[in-house]
Amino acid sequence: MTALPKAKWFGALKDIAEEEGFYAPLGPKHAAAFIEEGDTLLVTFESFQGIQALSETGQPLGFDMVRAMGWSHLGVVCDGETWFRTEEVYEFFDELTDDGFFDEFDRVIFYGAGPCAYAATAYSVASPGATVVAIQPQATLNPRLAGWDDRFTDLRAMDFTSRYGYAPDMSQGADQVHVIYDPREPLDAMHAALFHGPQTTLLPVPGLGDTIQSDLLEMSVLYRILAKAGTGKLDRHSFYRLMRARRSHPGYLRNLLGALDRDRRTALAERLCRFVVSRQSAPKFQRRLEEIEARKKKAG
């Protein structure tokens, strides 16, 4: 499904879903595809644009989990920046709830990143007792509550006050809500702080920046995080064990070096550079180490 035009891509998604489950168009900007396999259900919220950018196969992230874990998958896909705020999506989840759809599964996991993480937390109310994994979620774009977030000012007219609106409230019925974010990204951290219920575990990952989903995919840990969520074994300890992969991830290491240099913590920057160049080819870290050593030599 890589590089297919939009209409053909959604047509291919429909063909795949109808072989193993169902496909439901949800107005002009959304669609849902269900594939039935096992007793664990992964519900993902993704955008067509994000799938094309991140997936080597051009398929929803959940397809890989179906193949690897034998799970069932409900993928809700949007076209553009919609935050899944449409009447058709509301009615779709209403119908699933009324039909007892989620009750058919032993475990349900909701997943999304960014605007899709907002949707994952908000629509988790349809399946009480579910587990939610949310990367950099927005709590709301309602300017009365989040007017400090200036990233989406052109979308402030969007309705976040009606049904499925305020994500922290909607996720209170979940068994566990795992919120992954970089505390050094102020706006992401402010949204994360609004998720403060007893079911919520905040999982700060300093240094990953504002592209955490991409970094987790590159580090090959995102699917492992979801796998642990699907077996009820995701907690703070297991998450940070997986995040040890940061130690060899170029993006994280570059961000860390930049932060140390901005804070003028030269001794720690030197130690970091020595650590990195001793384990991998890293010209930027080698050059920075040589600069530090030259300045130390000049200073006597």
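Everything below is about the structure printed above this text.
Let me begin by describing the structure that accompanies this report.

Procedures and definitions
- Residues numbered from 1 in each chain as written.
- Predicted model: local features only at pLDDT ≥ 70, side-chain atom pairs only at ≥ 80, totals over all residues.
- Heavy atoms only, no water.
- Buried < 20%, exposed > 50% of the residue type's maximum accessible area, 1.4 Å probe, protein only.
- Helix = DSSP H or I, 4+ residues; strand = E, 2+ residues; numbered from the N terminus.
- Pairing = 2+ DSSP bridges.
- Contact = heavy atoms within 4.5 Å.
- Salt bridge = Lys/Arg side-chain N within 4 Å of Asp/Glu carboxyl O.
- Axes fitted to C-alpha atoms, helices over the stretch in contact; angles between N-to-C directions.
- Parallel < 35°, antiparallel > 145°, perpendicular 65-115°, else oblique.
- Left-handed = near helix turned anticlockwise from the far one by under 90°.
- Nonpolar A, V, L, I, M, F, W, Y, C, P; charged D, E, K, R; others polar.

So, the pairing of strand E2 (residues 30–35)
Here E2 lies mainly inside the structure; six of its six residues are buried. Burial along E2 is two-sided: His30, Ala32 and Phe34 and Ala31, Ala33 and Ile35, pointing in opposite directions, are all buried. Two elements, strand E1 (residues 21–25) and E2, share five bridges in a ladder whose sense is antiparallel. Directly across from Gly21, in E2, lies its bridge partner Ile35. In terms of strand pairing, E2 meets strand E4 (residues 72–78) through six bridges, oriented antiparallel.

Some words on the environment of Ile212
In this fold, Ile212 is placed in helix H9 (residues 212–218). Between the C-alpha atom of Ile212 and that of Gln136, which follows or precedes it by 76 residues, the distance is 7.8 Å. In contact with Ile212, not counting residues within four places along its chain, are Ile135, Gln136, Ile180, Tyr181, Asp182 and Val205.

Observations regarding the pattern of salt bridges
As enumerated under the stated definition, the model contains twelve salt bridges in all. Note that Arg288 and Asp261 form a salt bridge whose closest N and O atoms lie 3.1 Å from each other. Of this pair, Arg288 sits in helix H14 (residues 283–298) while Asp261 sits in helix H12 (residues 250–262), and the two are 27 residues apart along the sequence. A relative accessible area of 14% places Arg288 in the buried class. Classification of Asp261 as partly exposed rests on a relative accessible area of 29%. A salt bridge links Arg288 to Glu291; the nearest nitrogen and oxygen atoms lie 3.3 Å apart. Highlighted residues: Arg288 and Glu291, both in helix H14, separated by three residues, approximately one helical turn.

Here we look at unusual backbone geometry
At Trp83, a position not held by glycine, the phi torsion is positive, near 55°. Of note, Trp83 is situated in the loop between E4 and helix H4 (87–98). Overall, Trp83 belongs to the buried group, its relative accessible area being 0%. If you check the backbone angles, Phe84 has positive phi at about 60° while not being a glycine.

Details of the packing of H12 against helix H13 (residues 266–277)
Interaxial distance between H12 and H13 falls to 9 Å at its minimum, and their mutual angle equals 160°. What the angle tells us is that H12 and H13 run roughly antiparallel. The interaxial crossing formed by H12 with H13 has left-handed handedness. From H12, Leu253, Leu256, Leu257, Leu260 and Asp261 reach across to H13, where they touch Leu268, Ala269, Leu272, Cys273 and Val276. Here the residues of the contact of H12 with H13 sort into nine nonpolar, no polar and one charged.

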